[in-house]
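Below, each chain spelled out in residue letters.
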Amino acid sequence: MFNSMILILLLVLIACVCIYKWYSDKQWQKKPLRNFPFFYRGKLFWYSRSVATTIGVFCKNTDGEWCVLANQRGKGAPDFQGFWNITCGYLEHDVTGEENCQKEIYEETGVFVPVELIKFRGVKTDPSENRQNVSLRYSAVLSGACDDYETTDEHSEKDEVADIRWIPLSEVSDYEWAFGHEELIDKMFNEHIENKVA
């Protein structure tokens, strides 16, 4: 009898905690997010929306067909596991957007792209998408053929990358993409690369 009462009280307590958490989350979601200051190691910083870099790296294969460098998100990725993306990542401190792109490309694919080839293409600030991240968008065109650039995931975080491929643009729609990258690849290529590079 005593054990039954303890079990019932425990279940009631768990239910109360769950209801409180659900209600608190609902109330928090109603409040608009605001930037706020905080101190870290004696310096004042501001909390605000995160900034990421996204880069489409294009090259022709040995058949002369344009391809985009992409990686499949592994089981260690924080979201969209199994989906494909062009190289992207949060902007690190003390680097330019172009330098961040170079670092992310190397970490996620093993391909080294000189900073001079990385060109700024625009910014996406829509707060209704991707956790309100601000996305700085870049592209790069590599000379030669895709096969000239060896790919590897040895520089990435454990299980972050499941596969790396040079995907022909004609096959992009055959893949499942994270973050709307399928449309972004098409936009980047059509607006900035097609008819501008032989």
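Colleague: For this particular structure, what's the right way to read the side chain of Asn133?
Modeller: Topologically, Asn133 is positioned in the loop between strand 7 (119–124) and strand 8 (134–145). Separated by 3.2 Å, the side chains of Asn133 and Tyr90 make a polar contact. Not counting the four nearest positions on each side in its chain, Asn133 is found in contact with Arg49, Ser50, Tyr90 and Lys124.

Colleague: Got a minute to help me understand the pairing of strand 4 (residues 66–73) in this structure?
Modeller: A large share of strand 4 lies buried, amounting to 7 of its 8 residues. As paired strands, strand 3 (residues 51–60) and strand 4 are joined by 3 bridges and run antiparallel to one another. Bridging across to strand 4, Cys59 finds its partner in Cys67. Between strand 3 and strand 4, which pair antiparallel one after the other, the connecting turn spans 5 residues, and Gly64 there sits at a positive phi close to 80 degrees. Bridging between strand 4 and strand 9 (residues 161–168) involves 7 bridges; their strand directions are antiparallel. What sits directly across from Val68, in strand 9, is Ile167. Bridging between strand 4 and strand 5 (residues 84–85) involves 2 bridges; their strand directions are antiparallel. Counted as the bridge partner of Asn71 is Asn85 from strand 5.

Rules used throughout
- Residues numbered from 1 in each chain as written.
- Predicted model: local features only at pLDDT ≥ 70, side-chain atom pairs only at ≥ 80, totals over all residues.
- Heavy atoms only, no water.
- Helix = DSSP H or I, 4+ residues; strand = E, 2+ residues; numbered from the N terminus.
- Polar contact = N/O pair within 3.5 Å; in protein donor to acceptor, adjacent residues only side chain to side chain.
- Contact = heavy atoms within 4.5 Å.
- Buried < 20%, exposed > 50% of the residue type's maximum accessible area, 1.4 Å probe, protein only.
- Pairing = 2+ DSSP bridges.

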